Amino acid sequence: MSVARATFSRLSPKTSALFLCDMQEKFRNNICYFPQIVEVSRRLFEAAKILDMKVIATEQYPKGLGHTVPELGLNGSSVPIIEKTKFSMCVPPVEDHLGSEIKTIILCGIESHVCVYHTALDLLAKGFAVHVVVDAASSRSMVDRKYAFKQMNKAGAVMTTSECVILGLVGDAAHPKFREVQKLIIKPAPDTGLLTLEKANL
């Protein structure tokens, strides 16, 4: 089955949702740049809260892989955390939380070549615009990570960065919440190995 290519779209807090995919305890010591990926995802989550955006998180088989790491900042929040076994976040409970107003998904998490990849393909097939945040998505292998980004890009997802997303959601320095959001990016996002991917002759 061919995947439909979604039309490129600008980001809007009202029509965008943030997906936080499977950032769980058992992945902590195996995922490339895991602490940095979580930190960048936390920035996106903080921006989403400031802008009153819809946020949904998932956990892949938490009985075996543990729960979402606390440093992501979801503890005590109202964010639904959906358990799943499918290699995609597109399961009925997630779709039930979305609502008809959401047209664009900002996607981050792990692993790039498994659950992030399958989520992106499923969302594209459903007609959503998908923005994959490359400095907030990783895998156990940098090779898998690199080629997952290539495949998702070819399928029609937008490969982007956390700062591009955060500023794109605000859209204007005159936005009433710009200064609050700006504080999240005054310090550059941590290195997540993207230059290593670019230099790798694979």
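Residues numbered from 1 in each chain as written. Predicted model: local features only at pLDDT ≥ 70, side-chain atom pairs only at ≥ 80, totals over all residues. Heavy atoms only, no water.

The protein is annotated in an unreviewed UniProt entry as Isochorismatase domain-containing protein 1 of Plectus sambesii. Taken from UniProt, the Sequence similarities (unreviewed entry) comment for the protein reads in full: "Belongs to the isochorismatase family." (UniProt positions renumbered as here; feature names shortened; annotations may be inferred.)

Chemist: Just checking my understanding: could you explain the sheet that holds strand β3 (residues 81–84) for this structure?
Modeler: Strands belonging to one sheet form pairs held by backbone hydrogen bonds; the direction of such a pair is parallel or antiparallel. Taken in spatial order, the six strands of this open sheet run β3-β2-β1-β4-β5-β6, and their pairing is parallel. Each edge of the open sheet is held by one strand with a lone partner, namely β3 and β6 (158–160). With direction set aside, neighbouring strand axes in the sheet form an average angle of 25°. Inspection of the sheet shows strand β1 (residues 16–21) paired to strand β2 (residues 54–60) by five bridges, in the parallel sense. Bridge pairing links L20 to A57 in β2. In the packing of helix α1 (residues 34–50) onto the sheet, contacts are made with β1, β2, β4 (104–110) and β5 (129–138), and the angle to β5 comes to roughly 140°. (Pairing = 2+ DSSP bridges. Helix = DSSP H or I, 4+ residues; strand = E, 2+ residues; numbered from the N terminus. Axes fitted to C-alpha atoms, helices over the stretch in contact; angles between N-to-C directions. Contact = heavy atoms within 4.5 Å.)

Chemist: Would you explain the pairing of β4 in this entry?
Modeler: Residues in a regular strand project their side chains so that they alternate between the two faces of the sheet. Burial of β4 is extensive: seven of the seven residues sit out of reach of the surface. Both faces of β4 are covered, namely the face carrying T104, I106, C108 and I110 and the face carrying I105, L107 and G109. Pairing analysis gives six bridges linking β1 to β4, with the strands arranged parallel. Directly across from A17, in β4, lies its bridge partner I105. Across six bridges, β4 lies against β5 in parallel orientation. (Buried < 20%, exposed > 50% of the residue type's maximum accessible area, 1.4 Å probe, protein only.)

Chemist: Any chance you could explain the UniProt feature "domain: Isochorismatase-like" (unreviewed entry) in the protein here in plain terms?
Modeler: The feature "domain: Isochorismatase-like" (unreviewed entry), as given by UniProt, occupies residues 16–163 in the numbering adopted here. Taken end to end, residues 16–163 is 39% helix and 25% strand, and its first and last C-alpha atoms sit 16 Å apart.

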